[in-house]
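Coordinate inspection notes
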Amino acid sequence: MNDQLKTMLLKAKLNFAILGAILIIAVLGKFINPELTNSIFITADQLVSDLYIVFIAITLGAFIPNFKLVAFGSIVAFIGTAILIRLGVFTYLTTEYVFAVLIVILGFASIANLYRHYREFGL
């Protein structure tokens, strides 16, 4: 394998971990609670048509050099929002909807960051 490709794959291991986690959530969710999993992924599919969310995710993934900040920041924002939903602050949101937003943000940001790594090496 090419040294540049190995270096790119090592730099992008967080991206692959996030994309793999989304895949594992989808597969395990189909076995554990298929109705909830279907509703979350249907919501995520509908969110993709809201282009501003996709543009924000791509911008985060492509232009923030430290992708760990994007990944962990998104997860912390999800946890904080979920806590506020449980406390009754956000009565108009559901945890499932916010989780669907998290999946869309992390998925597109990971793909954009992978592309950024690809462009750096000129493969």
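Residues numbered from 1 in each chain as written. Predicted model: local features only at pLDDT ≥ 70, side-chain atom pairs only at ≥ 80, totals over all residues. Heavy atoms only, no water.

Focus: the overall build of the protein
Under the convention used in this document: Numbering of helices and strands starts at the N terminus; helices are DSSP runs of H or I of at least 4 residues and strands are runs of E of at least 2. Only protein chains enter the calculation, and the probe is 1.4 Å; a residue is then buried if its accessible area is under 20% of its type maximum, exposed if over 50%, and partly exposed in between.
The number of helices and strands found in the protein is 6 helices and 0 strands. What you see in the protein, going N to C, is helices and strands ordered as α-α-α-α-α-α. Dimensions of the protein, computed from the C-alpha atoms along their principal axes, are close to 50 × 30 × 25 Å. A buried classification covers 33% of the 123 residues belonging to the protein.

Quick word on the packing of aromatic side chains
Heads up, the condition is: In summary, the pairing rule links any two rings of Phe, Tyr or Trp, Trp by its six-membered ring, whose centres are within 6.5 Å, and it sorts them by plane angle into stacked for under 30 degrees, edge-to-face for over 60 and tilted for everything else.
Counted according to the given criterion, the structure contains 3 aromatic pairs. For the pair F90 and Y92, a centre-to-centre distance of 5.9 Å together with 65° between the ring planes defines the contact as edge-to-face. F90 gets classed as partly exposed once you look at its relative accessible area, which sits at 22%.

Considering the nonpolar core
Among soluble globular proteins, nonpolar side chains are generally buried collectively. For the record, the criterion: Only buried residues count toward a nonpolar core. Its members are Ala, Val, Leu, Ile, Met, Phe, Trp, Tyr and Cys residues joined through side-chain atoms within 4.5 Å. Working rule for contacts: check all heavy atoms of both residues, and any pair within 4.5 Å makes them a contact.
With 21 residues, the main nonpolar core has I18, F67 and F99 as its most contacted residues. Within the residue set of this core, elements represented by two or more residues are helix 2 (13–32), helix 3 (34–48), helix 4 (51–63), helix 5 (67–87) and helix 6 (95–121). Broken down by element, this core gets its largest block of residues, 9 residues, from helix 6. Each residue touching F99, except ones within four places of it in the same chain, is listed here: I25, I40 and F78.

Details of helix 4
Keep this limit in mind: Residue count minus one, scaled by 1.5 Å, sets the expected span of a helix. Throughout, the arc means the angular range of directions from the helix axis out to the C-beta atoms.
The terminal C-alpha atoms of helix 4 lie 18 Å apart, and with 13 residues this matches the ideal 18 Å at 1.5 Å per residue to within 8%. Turning to helix 4, its buried residues number three or more, namely I53, V54, A57 and G61. End-on view of helix 4: buried residues confined to an arc of 100°, all on one side of the axis. Of the exposed residues in helix 4, the ones pointing more than 90 degrees away from its buried face are Y52, F55 and F63. Its buried side turned inward, helix 4 meets helix 3, helix 5 and helix 6.

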